[in-house]
Every structure is written in structure tokens, then in C-alpha cells.
Amino acid sequence: MTAESGTHMRNGSGHPSPSDPSDTPASPRVPELVLCALDESLAHAWRSVAEAVGDPVRVHQGSVLDVTAQAVVSPANSHGWMRGGIDALYAQAFPGIEQQVRSTILAYHGGELPIGEAVVVPTGEAMPEWLISAPTMRRPGERLPDDTVHPYLAARAVFLLWRDGQFEHGTRFKDIVETIAMPGLGTGVGGVSPATCARQVAAAWEEVFTKVR
């Protein structure tokens, strides 16, 4: 979703937006969430989330790009630079995606997407069709403190975008995305431990979905 396409999510973020009264947040529908990990330590931590949540969540030990999903999560920085870690892989797989993310952030957030918000842009591919940029750090290469809650905030932004987000033409994001593939949030350059990341993602899922079911 570039600034020129006219297909941004409303407000360019995952904030709740008005929806059909017949489809309230209490709806039991949730996305399939595929938690991806290349290394065993993160995969082990992710399994604790899958065991706690149950069927909508599963673990894939391998590349996030090997998952059949309509959307992938980019745990980027607030400025949309995609030069390292999983974001560099996305930039290589989806030519021009960094510029689309940066253009969207510029158009809707003045060039800096706050931690705890998310934007979605098209990848140009049939699958995954969408990339959700949900920053875990303000600046590229930032090392996160031990007491960070940024994985929670990023995951919550992704889940709220799926639950409440609408495109400008009125189509709801959850009507076109059934499966989201999510890599570790802040577990690379950010230095967040797999256990901390998993615990915070589980808390975000409970906050957005479990508590309203």
C-alpha cells in the first residue's frame, strides 16, 4: 500500500476503526497464527505459546517465507528501514517493499511509526500478498533493554490490525487474511530472549482475542 495506491488501512494503522455493528469485537473468529523460527531456542519458546493458545496457533521451524499465509509480519524499526535480519530477507524477496513501507509511514505518520502501531502494504506477490510492518525498535540496530515490552506492543498492533482494520474502500482486513506468519519479534538484533518474546506475544493474543471471546 503505497501513498499513491489509495488502499491503505484506515488511518494507516492497526487502531480499532468503526465496523459493522453485526460484527463486534466479541466475535469468536480469530486468525491462524504461524509462529516461525529458524533456531531451536525460539521454536521451543513458540511451542509454549501454541500449547497455551491451542488450534489457531502453530509453530513452523523454518523460514517465514516457506509458510502459506496471506500476510507476514515485519518486526521493523519506526522509520521503515529494512536492511538487516528478517527485514533484509523481505526486501530481497519483495522488490520495492521498503520504499512502500517508508512511503506509508511518511504519509500516515510523518515518517515515524510509533511502537505499538502497524501498517500494511502489498508485497506484489500472490502469496503472501501483504506485509504488516510492526516496529519493535525506534531506530535500526537498536538493542532493547531487558525490561522491554516492545514484542508485546508489536504483536498487539498486528492482532488489532487484523481484528479491527479496514481499507479505505471499506474492506475489512480479516475478510482477506486468514493466516499470518510471524517471526521472532526483537529476538535478532534487538536481543530479546525467545522466552520473553513468546510470553509477550501470548499476552498480546490474550488481550486482543481471548478476553473478548
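Residues numbered from 1 in each chain as written. Predicted model: local features only at pLDDT ≥ 70, side-chain atom pairs only at ≥ 80, totals over all residues. Heavy atoms only, no water.

Enquirer: Explain the nonpolar core here, please?
Expert: In this structure, Trp46, Ile132, Phe159, Phe173, Ile180, Met182 and Val201 are the most contacted members of the largest nonpolar core, which totals 42 residues. When contributions to this core are tallied by element, the ones reaching two or more residues are β1 (32-37), α1 (40-53), β3 (71-74), β5 (130-133), α4 (150-164), β6 (179-182) and α5 (194-208). Those residues in contact with Trp46 that sit more than four places away from it in its chain are Leu35, Cys36, Ala37, Val59, Met182, Pro183, Gly184, Cys197, Ala198 and Val201. Counting residues in each nonpolar core, the second largest holds 17 residues, with Val64, Ile97, Val101 and Leu131 among its members. (Core = buried A, V, L, I, M, F, W, Y, C linked by side-chain atoms within 4.5 Å. Buried < 20%, exposed > 50% of the residue type's maximum accessible area, 1.4 Å probe, protein only. Helix = DSSP H or I, 4+ residues; strand = E, 2+ residues; numbered from the N terminus. Contact = heavy atoms within 4.5 Å.)

Enquirer: I would appreciate a short explanation of the sheet that holds β5 in the present structure.
Expert: Across a sheet, strands are paired by hydrogen bonds formed along the backbone, either parallel or antiparallel in direction. Taken together, the six strands give an open sheet; going across it, the order is β2-β1-β6-β3-β5-β4, and neighbouring strands pair in mixed fashion. Looking along the sheet, the strands with just one partner apiece sit at the ends: β2 (57-61) and β4 (119-122). With strand direction ignored, the average angle separating the axes of adjacent strands in the sheet is 25 degrees. Here β3 runs beside β6; their pairing, made up of two bridges, is parallel. Note that in β6 the partner of Ala71 across the bridge is Ile180. Across the sheet, helix α3 (residues 97-109) lies against β4 and β5, angled at about 140 degrees from β4, the strand it touches most. (Pairing = 2+ DSSP bridges. Axes fitted to C-alpha atoms, helices over the stretch in contact; angles between N-to-C directions.)

Enquirer: What am I meant to see in α1 here?
Expert: For an α-helix, the turn length of 3.6 residues means that residues three or four places apart are oriented alike. Its 14 residues give α1 an end-to-end C-alpha distance of 20 Å, which sits within 8% of 20 Å, the value for a rise of 1.5 Å per residue. Buried within α1 are the following residues: Leu42, Ala43, Ala45, Trp46, Val49 and Ala50. Mapping the buried residues of α1 onto a view down its axis gives an arc of 165 degrees, with all of them on the same face. In α1, the exposed positions that point more than 90 degrees away from the buried face belong to His44, Glu51 and Ala52. Elements in contact with the buried residues of α1: β1, β2, β6 and α5. Positive phi shows up at Gly54, right after α1, with a value of about 100 degrees. (Expected span 1.5 Å × (residues − 1). Arc of directions from axis to C-beta.)

Enquirer: Looking at this structure, I do not really get the packing of α1 against α5. What am I missing?
Expert: Pairs of packed helices are described in terms of their axes, by the angle between the two and the distance that separates them. Packing of α1 against α5 brings their axes to within 8 Å, and their N-to-C directions diverge by 25 degrees. When the interaxial angle is binned, α1 and α5 end up roughly parallel. Of the two elements, α1 crosses α5, and the hand of that crossing is right-handed. Counted together, Ser41, Leu42, Ala45, Trp46, Ser48, Val49 and Val53 of α1 and Pro194, Ala195, Cys197, Ala198, Val201, Ala202 and Trp205 of α5 form the full contact between these two elements. (Parallel < 35°, antiparallel > 145°, perpendicular 65-115°, else oblique. Left-handed = near helix turned anticlockwise from the far one by under 90°.)

Enquirer: Please explain the packing of α4 against α5 as it appears in this structure.
Expert: Close contact between α4 and α5 brings their axes to 8 Å; oriented N to C, the two are set at 35 degrees. As for the relative orientation of α4 and α5, their crossing is right-handed in sense. Mapping the contact onto sequence places His150, Pro151, Tyr152, Ala155, Arg156, Phe159, Leu160 and Arg163 in α4 and Cys197, Gln200, Val201, Ala203, Ala204, Trp205, Glu207 and Val208 in α5. Here the residues of the contact of α4 with α5 are counted per class, giving eleven nonpolar, two polar and three charged. (Nonpolar A, V, L, I, M, F, W, Y, C, P; charged D, E, K, R; others polar.)

Enquirer: How should I be thinking about the pattern of salt bridges in this particular structure?
Expert: Opposite charge on two side chains permits them to pair, given that their charged atoms come into close proximity. Evaluated as defined, the whole model comprises seven salt bridges. For Arg83, the salt bridge goes to Glu98, with nearest N and O atoms at 2.7 Å. One end of the pair, Arg83, is in the loop between β3 and α2 (85-93); the other, Glu98, is in helix α3, and 15 residues separate them in sequence. Residue Glu98 is classed as buried on the basis of its relative accessible area of 15%. As a salt-bridge pair, Arg172 and Asp175 come within 2.8 Å of each other at their nearest N and O atoms. Assessed through its relative accessible area of 22%, Arg172 is described here as partly exposed. Since its relative accessible area comes to 42%, Asp175 is described here as partly exposed. Overlapping salt bridges bring together Arg29, Arg172 and Asp175 as one network. (Salt bridge = Lys/Arg side-chain N within 4 Å of Asp/Glu carboxyl O.)

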